Each structure stands twice: as C-alpha cells, then as structure tokens.
Amino acid sequence: MTIALYRIDDRLIHGQVVVGWGQPLNLGFVVLVDDAVRDSPWEQDLYRMGVPPHIEVVFASVAEAARGLPQWEADSRTGILLAGDIATLAALGANSHQIKRINVGGIHHRTGRRERLRYVYLTDAEAAQLRELAARGIEITAQDVPTARPVPVAEFT
Amino acid sequence: MSEPLRGVIVSHSAVAQALRVAVAAITGLDDALVPVSNDGCDSGALTTRLAEAIAGRPAVLFVDLPGGSCLTTSIRLARGKTDVAVVTGVNLAMLLDFVFHRDLSPAEAARRAAEAGGKAIRTPAA
C-alpha cells in the first residue's frame, strides 16, 4: 500500500479522518506534519487520544516529513498524511516529487477568508496557492468524507 | 452558596442541542446546560465558542467522542484550571445526573456523571 491521502485539514486528527476515511481505507498509520505539534509531547498525547491503538501515529516536522516520504510511500500499510494548512503541504511538495494528489478536507472560517464550499474557506492568496500547486501537476480536489463528490480545484478557487 | 456548576455539551453537528432539549423536557431544568457545536469551526473558533459558553464560571465540559476536535479543544481550554473538568462519551443519563448535582466541585461532578453515564450502557434481554 502507500499514503492514500495527502490531506489539508485544520482540525488535524479528528472523526472524519480516523473513522470517515480510516474505516474504508483500513488505515494503518497517520503522519501528522506540523512543526508546533512535533515539538509538544503534550499536544501529541492529545491527538493520540482520538486514534485506536492499531493505527500508528507519526508526528513530523516539515523537514522530517520530506525525508520520510519515500519510506511511508513504500509502507505495506495504508496511511494518511495530514497538514493543518496549505503552506505546510506546499512546503512539503516543494521538497518532494512524491505528492501527486492533495485532498482539501477542511479549512474553516477565519478573518479574510470567504466560503468556497461548506467546509472550505480561503483567502484569495490561499486560493491562488492551490491553483499554483495544481499548475505544477498536483491533482487537487476538495472532499471532506469518502462518500462526497471530489470537487476539482477549479470549481472552488 | 456558591454559583451552581455550568454544564457545557460539546459535540459534532446538533447532538449537543438535542441533548440539552431532551434534558429540559425530562427535568424542566433549562438553564443548566449550554450546547456547543463544532460545525464550521477550526480549533480557534471552537475555543472561542467554548470560552463564551463557560463564561468564566466553574464548569464541566461534556464531550461526545473520546478523541477529535471537540475533545482536543476542550482539554486545551481546561488545562491547568481547577474549575473546569472534562468528561467524554456524553449521554443523556450522565446529563440527567449532572443537572441535579451542580453543587459539587467540577471534578466530583464529572466523576459522578461519568459513573452514571457508564451505568446506563447495558444490553438488556429483549
């Protein structure tokens, strides 16, 4: 298997990831890429609470994730790589040619953002950043749960 | 007499609101619980909603799942505070117990509610 999903989701590990995607994918591991969480054992314990014991959780900085991608892509289990914002996955993508697809799973309301989909709010700069990643050949769709229609980036940016 | 505890139900979608309505229908007490949904929230927005619901009072946070954004946000907010306690796996039975024991400390009320909620989970013969 491999990393089945490269997901941008500002809630990081939560029900949609562990249950909504985790059940149908028979998820074996989650890589959470976030520099702040990587440096906080307390935050890591908090995120582990939401994950069944049979699913491994790896906490990585952006730099560690760039180095670890080949190993995770070759893993016999199915994995999800999670980032909390576009910038993190863009930075990871800039250092790796492994990322072919990005799933926008949840970017919620904040000052300066406007609603693009029920679960996707973006500033104009963030929308442009997604289009730029798509122009580099990465397939980008928005899809909160597996049963929803994957919405192509052109439809929401 | 000190101010009674506030119960804050923290859930996905409309679970919290439905539980609050059910408790009011059963007990007639409609001011003991405050519902908070994580709909449309990142962790920052949910923290704001939760802080507004607690309003600086001693409180017990009743969270739906033992993981995920509702729990992580609740625990971050309760961290280091002795006047806020957290319980997961909220159900109607634990809330019904809580609304009649709001004079306890947050930790004791949380422990008691968790016990009442756990006792309500059974598999009776049909």
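Heads up: these notes are all about the structure in this document. (Residues numbered from 1 in each chain as written. Chains lettered and ligands numbered in written order. Predicted model: local features only at pLDDT ≥ 70, side-chain atom pairs only at ≥ 80, totals over all residues. Heavy atoms only, no water.)

This brings us to the pairing of strand β3 (residues 59–63) of chain B. Residues and elements named next belong to chain B. Extensive coverage of β3 is indicated by the burial of five of its five residues. With burial as the criterion, each face of β3 is covered, one bearing Ala59, Leu61 and Val63 and the other bearing Val60 and Phe62. Pairing analysis gives five bridges linking strand β1 (residues 6–11) to β3, with the strands arranged parallel. Pairing of Val10 across the sheet is with Val63, part of β3. Bridge count for β3 against strand β4 (residues 84–88) is five bridges, and the pairing is parallel. Looking across to β4, one finds that Phe62 is bridged to Val87. After leaving β3, the chain enters helix α3 (residues 69–78) and then returns to the sheet as β4, a path that is right-handed. (Buried < 20%, exposed > 50% of the residue type's maximum accessible area, 1.4 Å probe, protein only. Helix = DSSP H or I, 4+ residues; strand = E, 2+ residues; numbered from the N terminus. Pairing = 2+ DSSP bridges. Right-handed = clockwise from strand over helix to strand, strands pointing away.)

This part covers the sheet that holds β3 of chain B. All names here are of chain B. Taken in spatial order, the four strands of this open sheet run β2-β1-β3-β4, and their pairing is parallel. Edge strands, defined here as strands with exactly one partner in the open sheet, are β2 (33–37) and β4. Strand after strand, the sheet turns through a mean of 20 degrees between neighbouring axes, direction not considered. Sheet strands touched by helix α1 (residues 15–27): β1 and β2. Its angle to β2, the strand with the most contacts, is close to 160 degrees. Sheet strands touched by helix α4 (residues 92–99): β1, β2, β3 and β4. Its angle to β3, the strand with the most contacts, is close to 170 degrees. (Axes fitted to C-alpha atoms, helices over the stretch in contact; angles between N-to-C directions. Contact = heavy atoms within 4.5 Å.)

Glancing now at the nonpolar core. Membership of the largest hydrophobic core comes to 35 residues, with the highest contact counts inside it found for Trp72, Leu81, Leu89, Leu130, Ile140 and Phe156 of chain A. With sequence-adjacent residues up to four places away left out, Leu81 of chain A is seen in contact with Ile3, Leu5, Tyr6, Arg7, Val31, Val33, Leu69, Trp72, Leu89 and Leu92 of chain A. Core analysis: the second largest hydrophobic core is formed by 19 residues, Leu33, Val60, Val87 and Val99 of chain B among them. (Core = buried A, V, L, I, M, F, W, Y, C linked by side-chain atoms within 4.5 Å.)

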